[in-house]
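What follows is each chain in one-letter form.
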Amino acid sequence: MPGIEKLPLEEALEDSPQTRSLLGVFEEDTAAISNYCTQLYQAMQRIYDAQNELSAATHLTSRLLKEYDKQRFPLGGDDEVMSSTLQQFAKVIDELSSCHAVLSTQLADAMMFPITQFKERDLKELLTLKEVFQISSDDHDTAINRYSRLSKRRDNDKVTKAVEDVYTSRKKQHQTMMHYFCSLNTLQYKKKTALLEPLLGYMQAQISFFKLGSENLSQQWEDFLGTIGTSVQNVRREMEEEVGQMQQTIQQMERSCDPLYAPCDPDPAHSPVCRNLTRKQGYLYIRNKTGLVSSSWERQYFFTQGGNLMQQGRAEVAGGLVTDLDNCSVMAVDSDDRRFCFQVTSFDGKKVVTLQAESRRDCEEWIATINNISKRIYLSENAEEVAARVNQTALEAVTPSPSFQQRHESMRKTPSAATRSISSVGSEPSPALSALSFDALVAPETPIQFDIISPVSEENSGQNKAAAQAGRRSNPFGESGQDAPEDPEDSILHQLFIVRFLGSMEVRAAESADVISETMRQILAARAIHNIFRMTESHLLVTCDCLKLIDPQTQVTRLRFPLCSVVQSSSHQDNKRLFGFVLQTAGGREDSRAVCYIFESNNDGEKVEPAFFLDLLGRGAGV
């Protein structure tokens, strides 16, 4: 016989949606077996009750056996040995359909008794265990909900009683689930014997009735029945061994899982908080807004998948996305009505998710795990080793951080260290840069722009002037709308890049070879000093005549510059994903000014895009 599908007893305590989904498959298989067994029982009952209808009853039995392949059993549907065995039985039973006399006593003892025992005892026992499991599961949900609703100004008696209720209900649910799993696993063996033993008894009664000399029963069939009897005994022996192992596992799990039933924090000495995780799963409460000022809490199964936080209900087959954890922020928060809460904010600050863990240890582990994922540590080869080096960062998420003024004062005391840390990211200053003063490249105290703000007023004024000269109406929203289509010859160079805007600032020496590297150094240093990690993602479109920054969501052009205004462009010496270019604004000699823009390529590890962009930009500027 092929291997038997089993429910894992070790996953009964976690009670994950995957385990519930697998349990549903076994329950569906049990219902199919019960339905099929009932039909087979009715067919054999007809053989026993009416000897005059023996021929018709045996024909129905043969037909049911032939339809075994058409039964959609979720488990064991591809059992070719079982299917071929039943087909053999169907053939011999069909041959015996012409027989019209059977000893009722032999049929009652050898055929009806095994299938009756299976139907009336085994299947009904499973139904009873299913009801008990459902009741214990509902009691556990009620107890854990009552425990989770305890306020911080709690009464010790109420907390103790709630903990005891959770302990009792969780232990009862765990024990009931393990016994229920054991019965379902046992059914996978019993369903084979329940189908084979009645057929074996029926055939033995027929052989005895016809005195082993019937023309329909030859020595070949006797050998076949002997082989089936041996197979049944082997399945029964394997079932008994498996039942014994499952009972031992249940006893071991009951002893080892006893401390895990209580929702309180375990002893930190025996189970400390693990801050090196890059994957985690478990049940959490999520706050959902139900009105302007009202909200509700819902218990869901949460798990991390790559850089995403997913949630899944018990009745759901797959999980759904909650939020993107890349570059997100997470911290412990105080809630008026809940304990052990933490908050996850997306990288753009548009989505905030408030979650509640079961204990303080679970809360800290979730915070540490999300912190590690937000830094993309999960992409490393040795993720746990890398996460171990950022444990201090994970601890800061659940402890008050120093104010901005304190950090600023501390960095002002050691400017050389900050400069060295940023200089390590950039390239070494060239001899020309050391000979030329930094003030000659960038004016002191020049403001840095870290976000893209479309110059609406300037663009509109320029468009209005152009519209007045052309004698046509201008669009007040900064869009041309009726521009003539581009000449196909001007669209030969047309390239789109995904970039992140790091910053821009006004520069003095626009044509200096080191002005871009110095601007990179100052922008990166300012971002590190002021803890500015947010970057605006845009689409950089380069054509033969212009340079555009387009919003990827709305497709609105944020900035637009003529390509002839690009004075120079270059990439970082060490990090080729960093690049910049200098634009000379239009105007007189005194009114013109140069602005240096610094970007980072959005695709990690692809250094071809910045290099290709610089080459394309250089060729376009040359044109």
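Preceding block: the structure.
Overview of the structure. Since this is a predicted model, take the numbers as computed values, not measurements. (Residues numbered from 1 in each chain as written. Predicted model: local features only at pLDDT ≥ 70, side-chain atom pairs only at ≥ 80, totals over all residues. Heavy atoms only, no water.)

Turning our eyes to something else, we now look at the packing of aromatic side chains. Summed over all chains, the structure comprises eleven aromatic pairs. With centroids separated by 6.3 Å and ring planes inclined at 50 degrees, the aromatic side chains of Phe501 and Tyr597 adopt a geometry described as tilted. With Phe501 in strand β9 (residues 494-507) and Tyr597 in strand β15 (residues 594-601), this residue pair connects regions lying 96 residues apart in the sequence. Accessibility expressed as a relative area gives 1% for Phe501, which makes it buried. Plain terms: the ring middles of Phe561 and Tyr597 are 5.5 Å apart, the flat faces sit at 50 degrees to each other, and that makes the pair tilted. Taken together, the positions of Phe561 in strand β12 (residues 557-562) and Tyr597 in strand β15 put the pair 36 residues apart, joining distant regions of the chain. The same class applies to Phe561 as to Tyr597, namely buried. Grouped by ring-pair contacts, the aromatic residues Phe501, Phe561, Phe579, Phe581, Tyr597 and Phe599 constitute a single cluster. We note Arg338 situated over the ring of Tyr285; from NZ or CZ to the ring centre the distance is 5.0 Å. (Phe/Tyr/Trp six-rings, centres within 6.5 Å; stacked < 30°, edge-to-face > 60°. Helix = DSSP H or I, 4+ residues; strand = E, 2+ residues; numbered from the N terminus. Buried < 20%, exposed > 50% of the residue type's maximum accessible area, 1.4 Å probe, protein only. Lys NZ or Arg CZ within 6 Å of the ring centre and 35° of its normal.)

For the rest of this paragraph, the subject is empty space enclosed by the protein. On inspection of all chains with the given rule, the structure shows four cavities of 30 Å³ or more. Quantified by volume, the largest cavity comes out at close to 60 Å³. Surrounding the largest cavity, Ile144, Ser148, Tyr283, Leu284, Tyr285, Arg299, Gln356, Ala357 and Glu358 form its lining. Among the secondary structure elements, those contributing two or more residues to the lining of the largest cavity are α4 (104-148) and β1 (281-289). No other element matches the three residues that β1 contributes to the lining of the largest cavity. Its residues placed into classes, the lining of the largest cavity shows five nonpolar, two polar and two charged. (1 Å grid on protein atoms, 1.4 Å probe; cavity = no way out; pocket = protein on both sides within 12 Å on 5 of 7 lines; lining within 4 Å. Points joined across faces, edges and corners; volume = space filled by probe spheres on them. Nonpolar A, V, L, I, M, F, W, Y, C, P; charged D, E, K, R; others polar.)

Moving on: the packing of helix α3 (residues 80-95) against helix α5 (residues 156-209). Here α3 crosses α5 at 25 degrees, and the two axes come no closer than 12 Å. Taken together, the axes of α3 and α5 lie roughly parallel to each other. The way α3 lies across α5 gives a crossing that is left-handed. Facing Met82, Thr85, Leu86, Phe89, Val92 and Ile93 of α3, the residues of α5 in contact are Lys192, Leu195, Leu196, Leu199, Tyr202 and Met203. In terms of residue class, the contact of α3 with α5 is made up of ten nonpolar, one polar and one charged. (Axes fitted to C-alpha atoms, helices over the stretch in contact; angles between N-to-C directions. Parallel < 35°, antiparallel > 145°, perpendicular 65-115°, else oblique. Left-handed = near helix turned anticlockwise from the far one by under 90°. Contact = heavy atoms within 4.5 Å.)

This brings us to helix α2 (residues 54-66). Taking 1.5 Å per residue as the helical rise, α2 with its 13 residues ought to reach 18 Å, and the 18 Å between its terminal C-alpha atoms agrees with that figure. Tucked into the core, α2 has its buried residues touching α1 (17-49), α3 and α5. (Expected span 1.5 Å × (residues − 1).)

A few words on the nonpolar core. In this structure, Leu65, Phe89, Tyr202 and Met203 are the most contacted members of the largest nonpolar core, which totals 60 residues. If you tally residues by element for this core, the top one is α5, at 16 residues. Beyond its immediate stretch of four places on either side in the chain, Phe89 contacts Leu65, Leu196, Leu199, Met203, Phe224, Leu225 and Ile228. Core analysis: the second largest hydrophobic core is formed by 30 residues, Val159, Val163, Leu325 and Ile373 among them. (Core = buried A, V, L, I, M, F, W, Y, C linked by side-chain atoms within 4.5 Å.)

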